[in-house]
Amino acid sequence: MSFPLWEAFFMINLQYYSPEEEIHHPLFKEKQVQVFIKRDDLIHPFISGNKWRKLKYPLRQAQQSQKKHLVTFGGAYSNHLLATACAAAKFGFKSTGFVRGEAVENDMLMFCRLFGMNLIFVSRESYRDKRALFDQYFGQDEEAFFIDEGGAGPEAAKGCSELVEELSQHYDHLFCASGTGTTAAGILAGLQAHQPDCHLHVIPVLKNGGFIRQEMENYFDQSPAFDLHTDYHFGGYAKTTPELLKFIQQFASDTGILPDPVYTGKMLFALFELIRQDQFTPGSKILAIHTGGLFGLLGMAEKIQKVIF
C-alpha cells in the first residue's frame, strides 16, 4: 500500500466529485434567496459524503501505524459500516464490524460482506461499551485498529473541516444535518478559518438533539456561534413521517437530486421551512451539504412504497 498513491486518490476524488450545484424553486425566487447544494453524495458510490471525509485521517493513521485490520461499529443499516468495508477493501485492509442488536440479514449488511467485512452481532447492552468490545475480541491483535461508531473523533472532524476549503464562492449561511456533532464541528472549524462571516445551521436528526451543542463545543476551546434547529427530527433517528417522505420525493423529482431520509432529507426540509418563515435576508446565498448515505433508503423501502406509490 503506497502512501503517496493513497493520498493522491483521496485528493482527486474530493476535488472532482463534490461540486456546488444551484437548485431552483419558486419559494427561493419569492423570498429572493439563492440556494446551492454541495454534492458530497457524488464523492464515491459506497464511501460517500461525510463518511469519506471522516475516514480519511483515521485510515491514514492506521496506514502509518502499520495496522491492517479496521474494527468499527454500527447498526444493521449503518452507512458507516458499509463505507468502512469498502474503504478497507480499496486500501488493502481487513475489516470487522460490530453490529448492534440481534443477528439479521439485510441488503446493507450484504454489501458489507461483499466487500469482505466480518460481522459480529452483539447485544445492545454490550454495544454501549465499544472499547470493551474491541479489547475483548481484538485486544491481542496488534494489527487491529479501533474506529468509533460513525468514525467520530478529532481526526474525523479534521477531515470534515476541509469541505470549506473546497468551496468556490462565499456563502452567508450553511446547513448540515447532524447525528453526533462531528461533521458539524468540523465544518464549523473550517468556516472559522476560511469563511468566518458564514453562519452555520445544524439540524439534529435525533429526538432531543440539544445535546449536539455540547458535543460540538467539545471540539473548541471557546463556545462557537451557530444555530441548532431541533424541531426537524421527525420522531427520532431513522424515523420518518409521510410528510418527510413526500417532501423527499418532491425534491428528487424537481431537482434530480435524491436526499436520504435519515440525514439530508431532514436538513433540506428544515431549510425550506426556515426560508418560508423569512429567516434569511433577501439576497442571501445559502449552501446545503448533501452528506450522502443514500443506502439508508434500503431500510425504508417498504414504508416509502406505501407512502409514495
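Residues numbered from 1 in each chain as written. Predicted model: local features only at pLDDT ≥ 70, side-chain atom pairs only at ≥ 80, totals over all residues. Heavy atoms only, no water.

1. Some words on the side chain of histidine 173
Rule in force here: Secondary structure is summarised from DSSP: a helix means a run of H or I of at least four residues, a strand means a run of E of at least two, and numbering begins at the N terminus for each. The classification of residues rests on relative accessible area computed with a 1.4 Å probe and restricted to protein chains. Under 20% of the type maximum is buried, over 50% is exposed, and intermediate values are partly exposed. Think of a polar contact as two N or O atoms within 3.5 Å of one another; within protein, one of them needs to be a possible hydrogen donor and the other a possible acceptor, and neighboring residues in sequence only count if both atoms come from side chains. By definition in these notes, contact holds between two residues if any of their heavy atoms fall within 4.5 Å.
Topologically, histidine 173 is positioned in strand β7 (residues 173-178). Judged by relative accessible area, histidine 173 falls into the buried class, the value being 15%. Reaching out from histidine 173, the side chain makes a polar contact with the side chain of histidine 201 at a distance of 2.9 Å. Not counting chain neighbours up to four residues away, the residues in contact with histidine 173 comprise Cys198, His199, His201, Phe280, Ser284, Lys285, Ile286 and Leu287.

2. Quick notes on the nonpolar core
Burial of nonpolar side chains together is a common tendency in soluble globular proteins. Filter applied, for reference: Here, the term nonpolar core denotes a set of buried Ala, Val, Leu, Ile, Met, Phe, Trp, Tyr and Cys residues that are joined through side-chain atoms within 4.5 Å.
Formed by 34 residues in total, the largest nonpolar core has its most connected members in Phe28, Val35, Phe175, Leu271, Ile275 and Ile286. Top element by residues in this core is helix α12 (residues 264-276). It accounts for 8 residues. When residues no more than four places from it in sequence are discounted, the contact partners of valine 35 are Glu21, Glu22, Ile23, Phe28, Leu271, Ile275 and Ile286. Counting 22 residues, the second largest nonpolar core, distinct from the first, contains Cys176, Ala185, Met216 and Leu287.

3. A short note on the sheet that holds strand β4 (residues 94-100)
Spelled out, the test is: Strand pairing is defined by DSSP finding a minimum of two bridges between the two strands. The angle between two axes is taken between their N-to-C directions and runs from 0 to 180 degrees, where each axis is a line fitted to C-alpha atoms and a helix contributes only its stretch in contact.
Pairing is parallel across the open sheet formed by 4 strands, whose spatial order is β5-β4-β3-β6. The open sheet is flanked by β5 (118-122) and β6 (144-146), the only strands paired with a single partner. Pairwise comparison of adjacent strand axes, ignoring direction, gives a mean angle of 25 degrees for this sheet. Summarising the sheet, β4 and β5 pair through 5 bridges and their orientation is parallel. In the sheet register, arginine 100 faces β5, and the bridge partner there is valine 122.

4. Some details on the sheet that holds strand β9 (residues 227-228)
Judged by pairing direction, the sheet is mixed, and its 6 strands sit side by side in the order β1-β2-β10-β7-β8-β9 without closing on themselves. Every interior strand has two partners, whereas the edge strands, β1 (20-23) and β9, have only one. Of the strand pairs in this sheet, β7 and strand β10 (residues 285-290) are connected by 3 bridges, and their pairing is parallel. Considered in β10, the bridge of phenylalanine 175 is made with alanine 288. On top of the sheet, α12 reaches β2 (34-39), β7, β8 (199-204) and β10; it is set at about 165 degrees to β10, its chief contact.

5. Some details on the side chain of asparagine 50
Within the secondary structure, asparagine 50 sits in helix α3 (residues 50-64). With near-sequence residues (within four places) excluded, asparagine 50 lies in contact with Cys160, Thr183 and Thr291.

The quantities given are spatial measurements derived from coordinates; they are silent on function.
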